[in-house]
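So the chains spell out like this:
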Amino acid sequence: MNETAVAGRQSAVRQGTLRLVWWVAFWVFVIDQISKIWVVHVLDLATRLKIEVWPPFLNFHMAWNYGINFGLLAGEAPATRWILISVALGSVLFVLVWMRRDPPGRLGLISAGMLIGGALGNVVDRVLYGAVADFLNMSCCGFSNPFAFNVADIAIFAGAFGLVIFPSAKNT
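Since we're looking at a predicted model, the values are computed, not measured.

Topic: the overall build of the protein chain
Of the regular secondary structure elements, the protein chain holds five helices and three strands. Seen in sequence order, the protein chain has helices and strands lined up from the N terminus as α-α-β-β-α-α-β-α. Residues counted as buried form 35% of the 172 residues belonging to the protein chain. Once local pairs closer than 6 in sequence are excluded, the contacts in the protein chain between residues at least 24 apart make up 68%. For the protein chain, the exposed surface amounts to about 10,300 Å²; the carbon and sulfur share of it is 69%.

Here it is in structure tokens:
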């Protein structure tokens, strides 16, 4: 095979790689945003503040998160909001460059898409509301969880975890 054919094949593989990442990111983003619209606006959690769904295992508790996980770095200052938006967008860009340069296997690509879709879902919240809409609250077995989270948070955590445990295809 000549160099042009090899380069063309590598380019096609990269495009397919990024296509999977983008499709996963798209669906995570859509599911996250639909869940937030449904719970916060349609069920009116923003006003009701709490809805018992399947106590104590699943409840909806409205929490506007101005910081990062568990309210860390919380502050209603506009600078904090835009710094966190910038960090999220920078993380998305970093993961995209990483996937293009050193793509992992299929599960790693799915993980990258989950992280990207979740990050973008929370960015939209920060732009629209000034904070991230968290509403899922789960407790069990005598443990009362005081924290709320959302679909994007689950995707970010699972995506980051997946990128750690599903390394580059070159390393396997």
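Examining the confidence of the model for the protein chain
Summary statistics for the protein chain give a mean pLDDT of 88 and a share of 84% for residues scoring 70 or more. For the stretch residues 5–9, pLDDT sits under 50, and the model shows one contact to residues farther than four places along the chain or on other chains.

Topic: the pairing of strand β3 (residues 132–137)
Among the six residues of β3, six are classified as buried, and the element is accordingly described as predominantly covered. As judged from the five bridges shared by strand β2 (residues 58–65) and β3, these two strands associate in the antiparallel manner. The partner of Trp64 across the bridge, within β3, is Ala133.

Comments concerning the packing of helix α4 (residues 106–129) against helix α5 (residues 151–165)
Contact geometry of α4 with α5 gives a least axis separation of 7 Å together with a crossing angle of 150 degrees. Crossing angle aside, the handedness with which α4 passes α5 is left-handed. Contacts between α4 and α5 pair Gly108, Ser111, Ala112, Met114, Leu115, Gly118, Ala119 and Asn122 from the former with Ala152, Asp153, Ala155, Ile156, Ala158, Gly159, Ala160, Gly162 and Leu163 from the latter. Per-class residue counts for the contact of α4 with α5 are ten nonpolar, six polar and one charged.

Things to note about the nonpolar core
If you look at the biggest cluster of nonpolar residues, it comprises 17 residues, and the most contacted ones within it are Val21, Val95, Leu96, Met99, Ala112, Ile116 and Leu163. Mapped by element, the contributors of at least two residues to this core are α1 (3–42), α3 (78–101), α4 and α5. Beyond its immediate chain neighbours, meaning those up to four positions away, Met99 contacts Thr17, Leu18, Val21, Pro104, Gly108, Leu109, Ala112 and Leu163. Listed in part, the nine residues of the second largest apolar core include Val40, Leu45, Met62 and Leu136.

Regarding the pattern of salt bridges
All chains considered together, the criterion is met by two salt bridges. What emerges from the salt-bridge pattern is a single network uniting Asp32, Lys36 and Asp125.

Some thoughts on the packing of aromatic side chains
Enumeration over the complete set of coordinates arrives at seven aromatic pairs. A centroid spacing of 4.9 Å and a plane angle of 80 degrees characterise the contact between Phe26 and Trp27, whose relative ring orientation is edge-to-face. Residue Phe26 is classed as partly exposed on the basis of its relative accessible area of 40%. Members of the aromatic cluster, connected to one another through ring pairs, are Trp23, Phe26 and Trp27.

Regarding unusual backbone geometry
Residue Pro56 is reached from Pro55 by a cis peptide bond, and omega for that bond is -10 degrees. Residue placement: Pro56 occurs in the loop between β1 (50–54) and β2. With a phi close to 70 degrees, Leu49 is a non-glycine residue in the positive phi region. Mapping Leu49 onto the fold places it in the loop between α2 (45–48) and β1. Judged by its relative accessible area of 47%, Leu49 falls in the partly exposed class. Despite not being glycine, Cys141 shows a phi value in the positive range, around 55 degrees. With respect to the element layout, Cys141 can be found in the loop between β3 and α5.

Basis of the calculations
Residues numbered from 1 in each chain as written. Predicted model: local features only at pLDDT ≥ 70, side-chain atom pairs only at ≥ 80, totals over all residues. Heavy atoms only, no water. Helix = DSSP H or I, 4+ residues; strand = E, 2+ residues; numbered from the N terminus. Buried < 20%, exposed > 50% of the residue type's maximum accessible area, 1.4 Å probe, protein only. Contact = heavy atoms within 4.5 Å. Areas by Shrake-Rupley, 256 points an atom, 1.4 Å probe, with all protein chains shown as cover. pLDDT = per-residue confidence, 0-100. Pairing = 2+ DSSP bridges. Axes fitted to C-alpha atoms, helices over the stretch in contact; angles between N-to-C directions. Left-handed = near helix turned anticlockwise from the far one by under 90°. Nonpolar A, V, L, I, M, F, W, Y, C, P; charged D, E, K, R; others polar. Core = buried A, V, L, I, M, F, W, Y, C linked by side-chain atoms within 4.5 Å. Salt bridge = Lys/Arg side-chain N within 4 Å of Asp/Glu carboxyl O. Phe/Tyr/Trp six-rings, centres within 6.5 Å; stacked < 30°, edge-to-face > 60°.

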